[in-house]
Amino acid sequence: MSENIEIMWEGRFITAKREGKWEYVSRSRGIKAAVILAIDDGHVLLVEQFRVPLGKYCIELPAGLVGDHDENAEEDSAIAAIRELEEETGYRADTMEDCGEYYSSPGMVSESFSLFRASGLTKVGDGGGVDGENIVVHRVALSGLTDFIESKRSEGAGIDVKLLMFLQLV
């Protein structure tokens, strides 16, 4: 990358940038994301929440931001993944296996996410996220995952592209 990056606009969580002809968005303050693949007894944990940019509900793997608050700016991604899984789904994982770093839309967004595989799951609460998130938890049988996604799509829900990657694995 060149050093001729123009900051067009910066908010608390995102920054719009221009470099030559390219305009793109990045996370502000070095914030990263963690995405969790949690399979429990032949079922995958998915979340459904309203996404303002889409203007509709979206079916996703559980995920969250890493280092998004000043008090946890240096947070380890695996610790954030454990925290986010419990907040969103109500399940606690004994271990988080780091499956690598990925980019979801590299032509428009510089954000990456770390994918974690959760194991040793224990249900410890209802999930639903933190105040204002209103997350619905879905524990979907792997054998019915394709039908579940198509049903949600027909209801008008958005489907996160990361589920396409997961569908190739099952």
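Bear in mind that the values here come from a model prediction, so they are computed numbers and not experimental data.

**Student:** Please give an account of the overall build of the chain that cites residues and values.
**Tutor:** Helix and strand counts for the chain stand at three helices and eleven strands. Going residue by residue from the N terminus, the α and β elements of the chain occur as β-β-β-β-β-β-β-α-β-β-β-α-β-α. Its C-alpha atoms give the chain a radius of gyration of 17 Å, near enough to 15 Å, the size a compact globule of 170 residues would have. For the chain, the spread of C-alpha atoms along the principal axes amounts to about 50 × 35 × 30 Å. For the chain, with 170 residues in total, the buried portion stands at 39%. Intrachain contacts of the chain at a sequence separation of at least 6 include 57% that bridge at least 24 residues. When the accessible area of the chain is evaluated, it comes to approximately 9800 Å², of which 51% is carbon and sulfur surface. Here the chain holds 17 positive side-chain charges and 31 negative ones, and the gap between their average locations is 4 Å.

**Student:** Lay out the sheet that holds strand β3 (residues 22-27) with the relevant residues and their values.
**Tutor:** Taken in spatial order, the three strands of this open sheet run β1-β2-β3, and their pairing is antiparallel. Either end of the sheet is taken by a strand with one partner, and the two such strands are β1 (5-10) and β3. Strand after strand, the sheet turns through a mean of 30° between neighbouring axes, direction not considered.

**Student:** Hey, could you go over the side chain of Ser26 for me, with residue numbers and the actual values?
**Tutor:** Within the secondary structure layout, Ser26 lies in strand β3. Relative accessible area serves as the criterion here: at 6%, Ser26 is assigned to the buried category. Side-chain polar atoms of Ser26 contact the side chain of Lys17, separated by 3.3 Å. The contacts of Ser26, once residues within four sequence positions are left out, are Phe13, Ile14, Thr15, Lys17 and Ser110.

**Student:** Now, about helix α2 (residues 145-154): what can you tell me, with residues and values included?
**Tutor:** Those residues of α2 lying buried are Leu145, Phe148, Ile149 and Lys152. Angularly, the buried residues of α2 cover 95° about the axis, an arc narrow enough to put them on a single face. Among the exposed residues of α2, those pointing more than 90 degrees away from its buried face are Asp147 and Ser154. Residue Gly156 follows α2 closely and has a positive phi angle near 100°.

**Student:** Before we move on, can you summarise helix α1 (residues 77-89) with the specific residues and values?
**Tutor:** Between the first and last C-alpha of α1 there are 18 Å, a value that for 13 residues agrees with the 18 Å anticipated at 1.5 Å per step. Regarding α1, the residues found buried are Ser77, Ala80, Ala81, Glu84, Leu85, Glu88 and Thr89. One side of α1 carries all its buried residues, which in axial view fall inside an arc of 135°. In this fold, the buried residues of α1 make contact with β4 (32-40), β5 (43-51), β7 (63-66), β8 (91-103), β9 (112-123) and β10 (136-141). N-cap assignment for α1: the residue whose side-chain oxygen lies 2.9 Å from the backbone N of Ala78 is Asp76. Within two residues after α1, Gly90 carries a phi angle of roughly 85°, on the positive side.

**Student:** Outline the nonpolar core, supporting the account with residue identities and numerical values.
**Tutor:** One finds Val44, Leu46, Leu61 and Leu145 to be the most contacted residues of the largest nonpolar core, which totals 18 residues. Looking at this core, the elements with two or more residues in it are β4, β5, β9, α2 and α3 (162-169). In terms of nonpolar packing, the next biggest core, distinct from the first, is built from 14 residues, Ile36, Leu45, Leu85 and Ala93 among them.

The rules behind each value
Residues numbered from 1 in each chain as written. Predicted model: local features only at pLDDT ≥ 70, side-chain atom pairs only at ≥ 80, totals over all residues. Heavy atoms only, no water. Helix = DSSP H or I, 4+ residues; strand = E, 2+ residues; numbered from the N terminus. Rg over C-alpha atoms; globule rule 2.2 N^0.38 Å. Buried < 20%, exposed > 50% of the residue type's maximum accessible area, 1.4 Å probe, protein only. Contact = heavy atoms within 4.5 Å. Areas by Shrake-Rupley, 256 points an atom, 1.4 Å probe, with all protein chains shown as cover. Lys, Arg positive; Asp, Glu negative; His and termini not counted. Charge placed at Lys NZ, Arg CZ, Asp CG, Glu CD. Pairing = 2+ DSSP bridges. Axes fitted to C-alpha atoms, helices over the stretch in contact; angles between N-to-C directions. Polar contact = N/O pair within 3.5 Å; in protein donor to acceptor, adjacent residues only side chain to side chain. Arc of directions from axis to C-beta. Expected span 1.5 Å × (residues − 1). Core = buried A, V, L, I, M, F, W, Y, C linked by side-chain atoms within 4.5 Å.

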